[in-house]
Amino acid sequence: MPRLPVLLVICSIDVLGFGIMVPLLPYMGYRFGATPVVITAVFGVYSLCQFVAAPLWGRLSDRFGRRPILLSSMAGACASYLVLYAAQGVGALFLSRALAGTMAGNLSAAMAYGSDISSVETRARTLGAIGAAIGLGFMLGPLVGGLMAGNDIASANFHHPALLSAALSLLAMLLVWRALPESHTAEHRAQTLAAAPRSRPWVLLRARPALALVALAALLMTFSQSTFESIFAIWAKEGYGLGPRSVGLMMGVLAITLIVMQGGLVRALVPRLGEHRLAVAGIAAYALGALLIVALHGIGIVLLGFVFCGLGVGAFMPSGSALASREASATNRGAVMGLYQSGMSLARVLAPFSAGPVYAHLGHDAPFVMATLVALPAIACILAARSRHGAEAAAP
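In this text, all values refer to a predicted model and were calculated from it rather than measured experimentally.

When its secondary structure is counted, the protein chain shows 16 helices and zero strands. When the 396 residues of the protein chain are sorted by exposure, 58% land in the buried category. Taking all contacts inside the protein chain whose residues are at least 6 apart in sequence as the whole, residues at least 24 apart take part in 84%. As displayed, the protein chain offers around 14800 Å² of accessible surface, 69% of which is attributable to carbon and sulfur atoms.

Following this line, the structure appears as structure tokens:
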């Protein structure tokens, strides 16, 4: 069986479990009496732990292969959902998210796996397909979680979604174990070990300015996106009186447009525009969508803003990953992608811890204004990375 379709199925199932709980966590926090600042901090703790652990998982995947990292990460996710199932207070939410973040090596390992099995010419399409599979999980997850929980905060059922998420992690583990062969062979791992003194990720970041600029652009875009994700349920509840089901459905609209872009349009647009231009277009579309949400009010406008945001993220993410992967070699790809993911994780740490106080002290729409202003400088980073990459390629 071809490896890429199996990897896509595994990514969808794994992220589906994560997506189920995303729109429910703020409402669980409300049930336990948490403030918006505390609720957004729950999201930040996950990303803080992921930020610390992501480079380690990347190096371990270079040393031991992609499969062991995927299996370990999914086992940690399963345990975190069981903690949510048994949660009786805000402390359990923090514990669950800390465990899940520490064990979150799945996405960097999946991206490294996709890079292993693709050529330079097909890498953007492969990473776009993986991104679409991840997007599919994010699309279905909030829909499933919202429908299972219901729309009344007082009577919402959070236990069944948590159990389903745990079961999905177990299913993903089984598929990795039975149907996904190792992409990073023993020979490649031996090359990685031999190159270890020359392939430390922070050294690579300093040595490759184009990689540093792409990573900075991804950090800015991820900060903006994470601000959006961490505050939206609170914003929708307090501004429009929406419950878990409504928020889940609206987040599904965002994910659908992301999938349309990553699953189909990216393949057509990369040959026409190139990865740098597509990344710039994605940033601009995302910023426009975030600005629409706060400039004009109403559910219809929010949904239109979601469409622009989804198309923007769907264009930028595979392009950015492909540009980062272009700066890596076969022996350090896991480390580079782990570093790239860790920069995005840093943004996911900073954004929730910023979004809550900004919302509380500067107003209802202030986090979306912040998200727009942070995203726009990423355009300059991508343009500078294009110039740097060309200069490095032309150097003797």
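Back to the text.
Moving on: a nonpolar patch on the surface. Residues L82, Y85 and L163 make up a contiguous nonpolar surface patch of roughly 250 Å² in combined accessible area. Its place among the elements puts L163 in helix α8 (residues 159-179). The class for L163 is partly exposed, based on a relative accessible area of 36%.

The full count for this structure, using the stated rule, is eight aromatic pairs. When the ring of F228 is compared with that of F232, the centres are 5.9 Å apart and the planes differ by 10°; the resulting orientation is stacked. With a gap of four residues between them, F228 and F232 both fall in helix α11 (residues 209-240), about one helical turn apart. Classification of F232 by relative accessible area gives buried; the value is 2%. By the ring-pair criterion, three or more aromatic residues cluster together here, those being F228, F232, W235, Y240, F306 and F368. K237 extends its terminal NZ or CZ atom over the ring of Y30, reaching a point 4.5 Å from the ring centre.

Relative orientation of the contacting elements helix α4 (residues 66-85) and helix α5 (residues 90-102) amounts to 175°, with a least axis distance of 8 Å. The angle between α4 and α5 falls in the class roughly antiparallel. Between α4, through G76, A79, S80, Y81, V83 and L84, and α5, the contact on the second element is made entirely by A92, L93, L95, S96, R97, L99 and A100.

With that settled, consider the nonpolar core. Grouped together as the largest cluster of nonpolar side chains are 105 residues, with contacts concentrated most on F232, F316 and Y340. Here the element with the most residues in this core is α11; it accounts for 17 residues. Once you skip the residues sitting within four places of it in the chain, F316 turns out to touch A217, A218, M221, A279, G282, I283, Y340 and I382.

Turning next to α5. The first and last C-alpha atoms of α5 sit 19 Å apart over 13 residues, in line with the 18 Å expected at 1.5 Å per residue. Of all the residues in α5, the buried ones are A92, L93, S96, R97, A100 and G101. Across the axial projection of α5, the buried residues extend over an arc of 165°, all falling on one side. Seen from the open side of α5, the exposed residues pointing more than 90 degrees away from its buried face are G91 and L95. Residues of α5 that are buried make contact with α1 (3-21), α2 (25-31), α3 (36-64) and α4.

With respect to the helices, strands and loops of the structure, S387 is situated in helix α16 (residues 377-394). Considered as a pair, S387 and A210 are 177 residues apart in the sequence and their alpha carbons are 8.1 Å apart.

Now for the packing of α3 against α4. For the pair α3 and α4, interaxial distance at closest approach is 7 Å and the crossing angle is 135°. The angle between the axes of α3 and α4 places the two elements in the oblique class. On the side of α3, the interface is formed by W57, L60, S61, D62 and F64, while α4 contributes R66, P68, I69 and S72. When grouped by side-chain class, the residues that make up the contact of α3 with α4 number five nonpolar, two polar and two charged.

Turning our eyes to something else, we now look at the confidence of the model for the protein chain. The share of residues in the protein chain with pLDDT of 70 or more is 88%, and the mean pLDDT across the chain is 81. Considering each helix and strand of the protein chain separately, the mean pLDDT is smallest for helix α9 (residues 186-195), with a value of 55, and largest for α5, with 92. Between residues 391-396, whose pLDDT stays under 50, and residues either more than four places distant or in other chains, the model counts four contacts.

The next thing to look at is the side chain of T222. Relative to the helices and strands, T222 resides in helix α11. Overall, T222 belongs to the buried group, its relative accessible area being 1%. Setting aside residues up to four positions removed in sequence, T222 forms contacts with M317, M344, A347 and R348.

Quick look at the environment of V294 now. By the element assignment, V294 lies in helix α12 (residues 244-295). We classify V294 as buried; its relative accessible area is 11%. Sequence separation between V294 and P367 is 73 residues; the distance between their C-alpha atoms is 9.5 Å. Not counting chain neighbours up to four residues away, the residues in contact with V294 comprise D365, F368 and V369.

Further remarks concern the side chain of S96. The residue S96 is located in helix α5 in this model. Taking relative accessible area as the criterion, S96 reaches 0% and is therefore assigned buried. Leave out the neighbours within four places in its chain, and S96 touches S80, V83 and L84.

Calculation notes
- Residues numbered from 1 in each chain as written.
- Predicted model: local features only at pLDDT ≥ 70, side-chain atom pairs only at ≥ 80, totals over all residues.
- Heavy atoms only, no water.
- Helix = DSSP H or I, 4+ residues; strand = E, 2+ residues; numbered from the N terminus.
- Buried < 20%, exposed > 50% of the residue type's maximum accessible area, 1.4 Å probe, protein only.
- Contact = heavy atoms within 4.5 Å.
- Areas by Shrake-Rupley, 256 points an atom, 1.4 Å probe, with all protein chains shown as cover.
- Patch = residues over 30% accessible without salt bridge, like charges linked within 9 Å, V, L, I, M, F, W, Y side chains within 5 Å.
- Salt bridge = Lys/Arg side-chain N within 4 Å of Asp/Glu carboxyl O.
- Phe/Tyr/Trp six-rings, centres within 6.5 Å; stacked < 30°, edge-to-face > 60°.
- Lys NZ or Arg CZ within 6 Å of the ring centre and 35° of its normal.
- Axes fitted to C-alpha atoms, helices over the stretch in contact; angles between N-to-C directions.
- Parallel < 35°, antiparallel > 145°, perpendicular 65-115°, else oblique.
- Core = buried A, V, L, I, M, F, W, Y, C linked by side-chain atoms within 4.5 Å.
- Expected span 1.5 Å × (residues − 1).
- Arc of directions from axis to C-beta.
- Nonpolar A, V, L, I, M, F, W, Y, C, P; charged D, E, K, R; others polar.
- pLDDT = per-residue confidence, 0-100.

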